[in-house]
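Here is what each chain is made of, one letter per residue.
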Amino acid sequence: MHINKPNTVLTPLGIGLALSLLGDATLYAVLPSPEIARQAGLTLAMVGFLLGINRLVRLLFNGMAGWIYDRLPRRPLMLISLGIGTLSTAIYAFGSGPIILTTGRVLWGLAWSGLWIGANSMTLDISNDLNRGHVNGRLQMWFFIGVAVSSFCGGIFTDLFSYRGGLWVSTFLSGVGLLIWLRYLPETRPEKHKNTPILKEDPTKAGFPWKLTLSCSLPFFINRVIFTGVLGSTTILWLSQFVEDGSLSFNQIAIPLATMSGTFIALRVLVSIISVPQVGMLSDRINRRWLVLAIVFLIFGSGGLVLLAAQNIWISILGVILAAIAGGSIPALIPAIIGDQVPQYQQGRSLGYIFSFGDLGSAIGPPIALSLVGIISLPSLFLGCAVLLILTGLFTGVLALQEKNHFQKIEKPD
């Protein structure tokens, strides 16, 4: 099916993704609170494990999902994935204790492998060399809208309806997303690729782009360790440094910490929503995605983390804004690079491997962060993350120099 207007796909796709995230975002927003962790039958150490286990299991699922998406229609796979995701949220609401909740997180890992690799595959289907960065940026924009809305609603649902009641509301809304996809989500896989033969030989013998895939995997891994893993799991702890008695007062109105955490995550993500399509469009215009990626790491990422470590709340919030630009842009630029340089019948598998590195980073980020906060201060943790971002920026800078030489070689014969 040829899609003339990306919005025909991106709008229902984005709405369904946003609704699917409600259960996961609620756990990230409120479970690090010791009181809510006790309601779920968990210790704080177990919370760190639980927030990361779904990403660990995706190390197994991503490669399989990418292989399948390279060979089968997208739409039915997406519907199945969202159904599994809805079931996982129902398990969070119903269950208690580490065994049942771990089962739910494993199912969510399976679901998100299908949802995210499928969404990126659909986006590459409907984009071209002239707009790939922008269209991928718009997918990321929808993803961050989902994170913002789900984080905001997750915190409020918890305060209004209790921990379990809020999760039941999230389960219902995720089911609504499935109905929307049944009605409005089209198939995007090009007709000419529907009969692509399955490659039975070793991927290396088939010319699989391992060097490019691994080069993209490193910055994606660091991005997930820091922005999804560390910052995502410590937001409520970071905010607690600046409040007293578990709430923040504005005009004599006390805002509970859980609502404030969810709201702040949402506000932070709004910055990514605004910035990521623009960064993607910039990479389209100058045709230098690695250069843009290096700038994002060195200026916005590392600079933001340094400011985030400040003890002044307003300086720290400025750091969050800069870091949010980096955290949103990196996941948009990497798939665009794959779309530029990898054959379509290998894109799903390449994205699967890259996302596996990202999921490894997201999996180890929360337990590392929540373990280290008992040993070092949060500002020290953030400064250490800034160092990692600088080193990664230098790595992408080297690739940007090679990218420049590559384009010069292409343009020289003309």
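As a further point, take the side chain of D359. Tracing the backbone through its elements, the reader meets D359 in helix α12 (residues 344–372). Engagement of the side chain of D359 in a polar contact is seen with the side chain of N62, the distance being 2.6 Å. In this structure, D359 is in contact with R55, R58, L59 and N62, ignoring residues within four places of it in sequence.

Turning our eyes to something else, we now look at empty space enclosed by the protein. Under the counting rule described, the total for this entry stands at five cavities of 30 Å³ or more. Computed from the structure, the largest cavity encloses a volume of approximately 640 Å³. Lining the largest cavity are 36 residues, and of these R55, F143, V147, R224 and T228 sit closest to its centre. Of all the elements in the fold, those that place two or more residues in the lining of the largest cavity are α2 (22–30), α4 (44–69), α6 (98–125), α7 (132–184), α8 (210–240), α9 (257–286), α11 (313–341) and α12. The dominant element in the lining of the largest cavity, judged by the number of residues it contributes, is α8, at six residues. Across the lining of the largest cavity, the residue classes break down as 20 nonpolar, ten polar and six charged. Estimated volume of the second largest cavity: approximately 80 Å³. In terms of lining residues, the second largest cavity is bounded by L231, T234, T235, W238, R268, L308, V320, A323 and F382. Secondary-structure elements contributing two or more residues to the lining of the second largest cavity are α8 and α11. The greatest single-element share of the lining of the second largest cavity, amounting to four residues, is contributed by α8.

The next point concerns the pattern of salt bridges. When charged atoms on two side chains of opposite charge get close, those side chains can pair. Considering all chains together, one arrives at seven salt bridges under this definition. For the salt bridge of R105 with D24, the shortest nitrogen-to-oxygen distance reads 2.6 Å. Here the residue R105 occupies a position in helix α6, and D24 occupies one in helix α2, the gap between them amounting to 81 residues. Taking the relative accessible area as the measure of exposure, D24 reaches 9% and is therefore buried. Of the charged contacts in the structure, one is a salt bridge between D129 and R132, with a shortest N-O distance of 2.8 Å. Three or more residues are tied together by salt bridges with common partners; here these are D129, R132, D284, R289 and D340.

Detailed reading of predicted coordinates is not advised where the pLDDT is low. The share of residues in the protein chain with pLDDT of 70 or more is 88%, and the mean pLDDT across the chain is 84. The secondary structure element of the protein chain with the lowest average pLDDT is strand β1 (residues 247–250), at 57, and the one with the highest is helix α5 (residues 74–94), at 94. Within the model, pLDDT remains below 50 along residues 197–205, and this stretch shows eleven contacts once partners closer than five positions in the same chain are excluded. Counting interchain partners and residues more than four positions distant, the pLDDT-below-50 stretch residues 406–414 has two contacts.

What counts and how
- Residues numbered from 1 in each chain as written.
- Predicted model: local features only at pLDDT ≥ 70, side-chain atom pairs only at ≥ 80, totals over all residues.
- Heavy atoms only, no water.
- Helix = DSSP H or I, 4+ residues; strand = E, 2+ residues; numbered from the N terminus.
- Polar contact = N/O pair within 3.5 Å; in protein donor to acceptor, adjacent residues only side chain to side chain.
- Contact = heavy atoms within 4.5 Å.
- 1 Å grid on protein atoms, 1.4 Å probe; cavity = no way out; pocket = protein on both sides within 12 Å on 5 of 7 lines; lining within 4 Å.
- Points joined across faces, edges and corners; volume = space filled by probe spheres on them.
- Nonpolar A, V, L, I, M, F, W, Y, C, P; charged D, E, K, R; others polar.
- Salt bridge = Lys/Arg side-chain N within 4 Å of Asp/Glu carboxyl O.
- Buried < 20%, exposed > 50% of the residue type's maximum accessible area, 1.4 Å probe, protein only.
- pLDDT = per-residue confidence, 0-100.

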